[in-house]
Amino acid sequence: MKNIDNPIHKNLQEIMIEMVDVHKSFGELEVLKGIDITIKKGEVVSLIGSSGSGKSTLLRCINHLEKITSGNITVDNIHLNDNKTNIAHIKREVGMVFQQFNLFPHMTVLENIMVAPIHVLKRNKLEVEKEALELLGKVGLLDKKDYYPKKLSGGQQQRVAIARALAMKPKLMLFDEPTSALDPELVGEVLTVMKQVASEGMTMVVVTHEMNFARDVADRVIFMVDGKIEEQGCPKKVLTNPKSSKLAAFLGLKNNLEKVVN
Amino acid sequence: MLDFSLVTDFLPFMVKASWITLKLTLFSTIFGLILGLFVALMKISKVKIIRLIADFYLWIIRGTPMLVQLFLIYYGLPQVGIELSPMVAAVIALGINSAAYIAEIYRGGIMSISKGQIEAAESLGMSYFLQMRKVILPQALRISLPALGNQAIMMLKDSSLASLVTVSELLMVSQRYAASNYAFIEFYLVAAGFYLVMTTFFTFILNRVERRMSVSDM
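Residues numbered from 1 in each chain as written. Chains lettered and ligands numbered in written order. Predicted model: local features only at pLDDT ≥ 70, side-chain atom pairs only at ≥ 80, totals over all residues. Heavy atoms only, no water.

A few points about helix α7 (residues 170-181) of chain B
Because the α-helix completes a turn every 3.6 residues, residues three or four places apart line up on one side. Residues and elements named next belong to chain B. What counts, and what does not: By definition, any uninterrupted DSSP run of H or I lasting at least four residues is a helix, any uninterrupted run of E lasting at least two residues is a strand, and each is numbered from the N terminus. Given a helix with a known number of residues, its expected span is that number minus one, times 1.5 Å. Think of it in three bands: residues with accessible area under 20% of the maximum for their type are buried, residues over 50% are exposed, and the middle band is partly exposed, with areas taken using a 1.4 Å probe on protein chains only.
Spanning 12 residues, α7 covers 16 Å between terminal C-alpha atoms, matching the ideal 16 Å at 1.5 Å per step. Among all positions of α7, only Leu170, Met172, Val173, Ser174, Tyr177 and Ala178 are buried. Within two residues after α7, Tyr182 carries a phi angle of roughly 50°, on the positive side.

Here it is as structure tokens:
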């Protein structure tokens, strides 16, 4: 079931994210060295690359968890400059899922999901609760609604974290290595939820090491090396027959690897 | 030699004085907890001048004896036209003093909250104020609780300093009866016993609260 075949993804030419010549440095260290990306509404993009390639930093720039050094980022036609209203607006519209889940340990599962819609969006508590319960049903954790996060497995925590982000009704979801902290047997349940979110037409940017997810769900794969985009394209092409020798090496493709070595 | 029967006549008065000690401790602790929170938030502010004001406060309060501060407030302030009752003066002195230590306890608690918690709150669109109120402080307070409890027990003992500005708390009253009956050992031993009972009670309550807090989370 590929999203690219989903009608909702076709003919949607509207732009969700536009990055133009984005640079980001931490002190002397330049992590992003001029990134240009355009992501359409409803598109699912996988960011891959070895650690230190800048993929997580790139993701974190999109919702301003990191401030870019130079360049331009536009999210849903809102310019992400130093304007505080814009930044606050974008943070509400962009959901984020972290490698370490980052659930609030002093709140129950349900409270975790409800806190932001109630206090940030100032929505009616009963309505929010109704939606939160629906979301919990969707991620298959309705029976855990009154549990504290520490009582849940990593996979369950991450599913709650996805529900928490969805509760804000975001226009865009960012995933920062959502399965990297999970035991292998728990990866599947999180990927299933992510696939479901993708199939509902959500625009998603996913930093991942799960090549299966990239292949099955993503519309586009972007491979980063050393703060730059090395190669990008449809996963079928890029993941099986990469042009770049670095990508071939990253994917561990045997014959291409030999090419690199020789 | 020792004649504790003397003390029994005065026990009701000592119980009443203990009540004043408890009130003094309670008010000063509440004052200290609130002021300490403000100082802690100032200490972690991104604005340098605000941090400097907090540092200045901590420097003065921690660098001078509490008794000197108390005398300045009770005996000194009337000179510039501010007259405070002994009780109010003692609450202020004990409060501003413990606030300095409480601020550092809070700050430690706040610093121990992982960056991921703040990022999660931020990515949900929470303002700084909301992050503090809903995510950071509730966790920081729980972490700080044991240290805050110690601080409250110290406060109970420090409240005896108020006897020096005529608050008729436990030590002041014991002193009076001890002198008038020439029975120092008896009255001071009983006073010490009273203090011990109160600190033990405090510790007991705090342990219960801590246990309850830790059941639910983290």
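Digging into the sheet that holds strand β6 (residues 94-97) of chain A
All names here are of chain A. The condition is simple: At least two bridges found by DSSP between two strands is the condition for calling them paired. To get an axis, fit a line to the C-alpha atoms, keeping to the stretch in contact for a helix; angles then go from 0 to 180 degrees between the N-to-C directions. By definition in these notes, contact holds between two residues if any of their heavy atoms fall within 4.5 Å.
The strand order across the open sheet formed by 6 strands is β6-β7-β8-β3-β9-β10, and the pairing between neighbours is mixed. Unpaired on one side and paired on the other, β6 and β10 (228-233) mark the two borders of the sheet. Each strand of the sheet is rotated relative to its neighbour by a mean of 20°, with strand direction disregarded. Here strand β3 (residues 44-48) pairs with strand β9 (residues 220-225) via 4 bridges, running parallel. Bridge assignment links Ile48 to a residue of β9, and that residue is Phe223. Contacting β6 and β7 (172-176), helix α2 (residues 84-93) crosses the sheet at an angle of about 60° to β6.

So, the interface of chain A and chain B
Defined as follows: Once two parts are put together, the accessible area they lose, assessed with a 1.4 Å probe and summed over both, is termed the buried area. Take a side-chain nitrogen of Lys or Arg and a carboxyl oxygen of Asp or Glu: if they are within 4 Å of each other, that pair is a salt bridge. As used in this structure description, the phrase polar contact means that two N or O atoms lie within 3.5 Å; if the pair is within protein, one of them must be able to donate a hydrogen and the other to accept it, and residues adjacent in sequence are counted only when both atoms belong to side chains. Any residue that is not Ala, Val, Leu, Ile, Met, Phe, Trp, Tyr, Cys, Pro, Asp, Glu, Lys or Arg is counted as polar, Gly included; the first ten are nonpolar and the last four charged.
Tallying the contact residues gives 24 residues for chain A and 23 residues for chain B. Summed over both partners, the interface of chain A with chain B buries about 1900 Å², with 62% contributed by carbon and sulfur atoms. On the surface where chain A and chain B come into contact, there are 2 salt bridges. Notably, a salt bridge pairs B:Glu119 with A:Arg60, separated by 2.6 Å at the nearest N-O pair. Across the chain A-chain B interface, the total number found is 6 residue pairs in polar contact (both at pLDDT 80 or more). The biggest single contributor to the side of chain A that touches chain B is helix α3 (residues 109-119) of chain A, with 3 residues. For the side of chain A that touches chain B, the per-class residue count stands at 14 nonpolar, 5 polar and 5 charged.

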